[in-house]
Amino acid sequence: MKYSLGLAFFLILVSCGDKKNTREIEKIDFETEYLFNAAIENKIELDTTTDSHFTGFKYQVGASDYATKGDYENALATWDLAMKTSVEDYTPSEIDSINDNFKKIKALDYIVEKSKLNQVVIINEAHHNSFHRVFTKSLLQKLYDNGYKNLGLEALGNGQYEDSLLNRRKYPVQNTGFYIKDPQFGNLVRTALEIGYHVFPYEAISGADASEREIEQAKNIQKVIESKPNEKFLIHCGFGHVLEGNYEAWGKTMAGRLTEFISIDPLTINQVQFSEKSKPEYNHPLLKALKIEEPTVLLDGQNNPYRYERGESWADIAVFHPTTDFSEGRPDWLFEDPNLRVPMILEDLDISFPVMVLAFKKGEEIKEAIPIDIVEVQNKTDEFKLALKKSSYNIVSVNEKGEARKFELMVEL
């Protein structure tokens, strides 16, 4: 990526630097559903409930609000306030034993290879963790090459809110699904459609209780699979829905019910349990013991993958995610190939700050589309970097008063 940074920087300087008059800035009417940091903080502060359960819930909602606007660092920190994290460590001898008895291999390669033996792959996410969406996106092309042509998303609107035009339009919009408003989830959906996946919803719509929700989700997936009996399916779900076996709270989860209904044993992947917290010391002690630098699967002496277990339920594969490095408050994984670090500065905007900067792919409707990237910028003189691949974009800046400006940007190698 370093070889392209200088060129990208030059291109942005031409349109955004000292030669301000080369950039045509347009005043537009634009409203954003994304919340500024101050609004999220105020929303949390105004919730003064003393019930411990609901106190945790307000932080979960806050974490989701941060994740929705692509603020990964604040999303992790706020989620940890809800979960009341603690510090646990293995002893040096336990750490040595773990590293001696398990082989570390690249998770992407292992999952892709194992997928050849399956018809259904189910992978989960934590709804506050954008990197889980990035990792699922990294699987898409190779799974497609292995015959996976269908992508089921729990987060996709269903019933009366279903985005029925999604597969024809080829990009997600604000009513495609609540969690899909996160640019990284939007990019997952957009990439799947570009590759050629058929994207479908399966969320329950009956308003049933938790156990009935699992049954309805599984039956919705069953209908799609039975309509395409010779095709393969990737299912992306939240948290515990991925677990097979008996799950104490729900009887069986969506994955367990699906196995029951279609007599197909899915490949289940849990990437939630062994993901980073807001501070490295809060990470699961097993994750800390491994010192990994990429998403990883552990194999024992018989080459069996380490799996996640919870009581009588399990996922076939546990993925261990490394701790993120940040540059200027942004995760480094945002800028992995094909994304470039695109430097920006907004000194020529005639509106008050802070502003929300939203990058839309040119050709997509800016008042409806999910942005490719979002950054909140506090001051006119702040330099920041957008994570964009080679393409043409509309860049929209909007402040808390609703004043908005737009200009075009070309990113080239």
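Note that the coordinates shown come from a computational prediction; the quantities given were computed from them, not determined experimentally.

What counts as what
- Residues numbered from 1 in each chain as written.
- Predicted model: local features only at pLDDT ≥ 70, side-chain atom pairs only at ≥ 80, totals over all residues.
- Heavy atoms only, no water.
- Helix = DSSP H or I, 4+ residues; strand = E, 2+ residues; numbered from the N terminus.
- Buried < 20%, exposed > 50% of the residue type's maximum accessible area, 1.4 Å probe, protein only.
- Contact = heavy atoms within 4.5 Å.
- Lys, Arg positive; Asp, Glu negative; His and termini not counted.
- Charge placed at Lys NZ, Arg CZ, Asp CG, Glu CD.
- Pairing = 2+ DSSP bridges.
- Core = buried A, V, L, I, M, F, W, Y, C linked by side-chain atoms within 4.5 Å.
- Polar contact = N/O pair within 3.5 Å; in protein donor to acceptor, adjacent residues only side chain to side chain.
- Salt bridge = Lys/Arg side-chain N within 4 Å of Asp/Glu carboxyl O.
- Phe/Tyr/Trp six-rings, centres within 6.5 Å; stacked < 30°, edge-to-face > 60°.
- Lys NZ or Arg CZ within 6 Å of the ring centre and 35° of its normal.
- Axes fitted to C-alpha atoms, helices over the stretch in contact; angles between N-to-C directions.
- Parallel < 35°, antiparallel > 145°, perpendicular 65-115°, else oblique.
- Nonpolar A, V, L, I, M, F, W, Y, C, P; charged D, E, K, R; others polar.

### A word on the overall build of the protein
Okay, so step 1: Along the protein, the regular secondary structure elements total twelve helices and 20 strands.
Okay, so step 2: For the protein, with 413 residues in total, the buried portion stands at 53%.
Okay, so step 3: Restricting to contacts in the protein with at least 6 residues of sequence separation, those with at least 24 account for 73%.
Okay, so step 4: A distance of 4 Å separates the average location of the 48 positive side-chain charges in the protein from that of its 66 negative side-chain charges.

### Overview of unusual backbone geometry
Okay, so step 1: Along the chain, D337 connects to P338 via a cis peptide bond; the corresponding omega equals 10 degrees.
Okay, so step 2: Inspection of the secondary structure assignment puts P338 in the loop between β14 (330-331) and β15 (340-344).
Okay, so step 3: Each neighbour pair has its own omega, and for F353 with P354 the value is 10 degrees, a cis peptide bond.
Okay, so step 4: As for its placement among the helices and strands, P354 is situated in the loop between β15 and β16 (355-361).
Okay, so step 5: Here the phi dihedral of K291 falls at roughly 55 degrees; this positive angle occurs in a residue that is not glycine.
Okay, so step 6: The topology assignment puts K291 in the loop between α12 (285-290) and β9 (296-299).
Okay, so step 7: Relative accessible area serves as the criterion here: at 66%, K291 is assigned to the exposed category.

### Some thoughts on the sheet that holds strand β10 (residues 308-310)
Okay, so step 1: If you walk across this open sheet you meet the three strands as β7-β11-β10, and the pairing is antiparallel. The sheet terminates laterally at β7 (244-245) and β10, the two strands that pair on one side only.
Okay, so step 2: Pairing of β10 with strand β11 (residues 313-315) involves three bridges; the strand directions are antiparallel. Directly across from E309, in β11, lies its bridge partner W314.

### Thoughts on the nonpolar core
Okay, so step 1: Judged by nonpolar contacts, the single largest core of 34 residues is most densely connected at L139, L140, L151, L153, Y197, V199 and I317.
Okay, so step 2: Elements that contribute at least two residues to this core include exactly α6 (107-115), β3 (120-125), α7 (130-145), β4 (148-153), α9 (183-195), β8 (267-270) and β9.
Okay, so step 3: Examining the composition of this core, we find that six residues originate from one element, α9, more than from any other.
Okay, so step 4: When near neighbours in sequence (up to four residues on either side) are disregarded, L151 contacts L140, L188, A192, Y197, H198, V199, F200 and L234.
Okay, so step 5: Counting 32 residues, the second-largest nonpolar core is a separate cluster that includes I122, I235, L287 and A289.

### Structural notes on the environment of R23
Okay, so step 1: The topology assignment puts R23 in the loop between α1 (2-16) and β1 (26-29).
Okay, so step 2: Owing to a relative accessible area of 7%, R23 belongs among the buried residues under this scheme.
Okay, so step 3: Between the C-alpha atoms of R23 and L409, which are 386 residues apart in sequence, the distance is 8.8 Å.
Okay, so step 4: At a separation of 3.4 Å, a polar atom in the side chain of R23 contacts the main-chain carbonyl oxygen of I345.

### Comments concerning the pattern of salt bridges
Okay, so step 1: Counting across every chain of the model gives 25 salt bridges.
Okay, so step 2: Among the ionic pairs, E260 bridges to R257, the shortest N-O distance being 3.5 Å. Of the two residues, E260 and R257 are both situated in helix α11 (residues 254-262); the distance of three residues between them amounts to about one turn of the helix.
Okay, so step 3: Ionic pairing is found between K385 and E383, a salt bridge with its closest N-O pair at 3.6 Å.
Okay, so step 4: When its relative accessible area of 17% is taken as the criterion, K385 is described as buried.
Okay, so step 5: Judged by its relative accessible area of 44%, E383 is partly exposed.

### Quick notes on the environment of Q141
Okay, so step 1: Along the chain, the position of Q141 falls in helix α7.
Okay, so step 2: Given the relative accessible area of 38%, Q141 is considered partly exposed.
Okay, so step 3: In this structure, the C-alpha to C-alpha distance between Q141 and F239, residues 98 residues apart in sequence, is 24 Å.

### Description of the pairing of β4
Okay, so step 1: Counting buried residues in β4 gives five out of six residues, a clear majority hidden from the surface.
Okay, so step 2: In the sheet, β4 pairs with strand β6 (residues 232-238) via five bridges, with the strands oriented parallel. Bridged to L153 within β6 is H236.
Okay, so step 3: As judged from the four bridges shared by β4 and strand β5 (residues 198-201), these two strands associate in the parallel manner. If you follow G152 over to β5, its bridge partner there is F200.

### Some thoughts on the packing of aromatic side chains
Two aromatic rings are characterised by how far apart their centres lie and by the angle between their planes.
Okay, so step 1: Overall, the coordinates contain 13 aromatic pairs when judged by the stated rule.
Okay, so step 2: With a centroid separation of 5.8 Å and an interplanar angle of 15 degrees, the aromatic rings of W79 and F239 are classed as stacked. Highlighted residues: W79 in helix α4 (residues 72-83) and F239 in the loop between β6 and β7, separated in sequence by 160 residues.
Okay, so step 3: Taken together through their ring pairs, the aromatic side chains of Y72, F131, F326 and W333 make up a single cluster.
Okay, so step 4: Cation over ring: R169 sits above Y171, and NZ or CZ is 5.3 Å from the ring centre.
Okay, so step 5: Note that K219 overlies the ring of F261, its terminal NZ or CZ placed 5.9 Å from the centroid.

### Details of the packing of α7 against α9
Okay, so step 1: Taken N-terminus to C-terminus, the directions of α7 and α9 make an angle of 10 degrees; their axes are 8 Å apart at the nearest point. Classified by the angle between their axes, α7 and α9 sit roughly parallel to one another. Where α7 abuts α9, its residues S130, R133, V134, T136, K137, L140, Q141 and Y144 lie against Q184, F185, N187, L188, T191, A192 and I195.
Okay, so step 2: Broken down by class, the residue content of the contact of α7 with α9 amounts to seven nonpolar, six polar and two charged.

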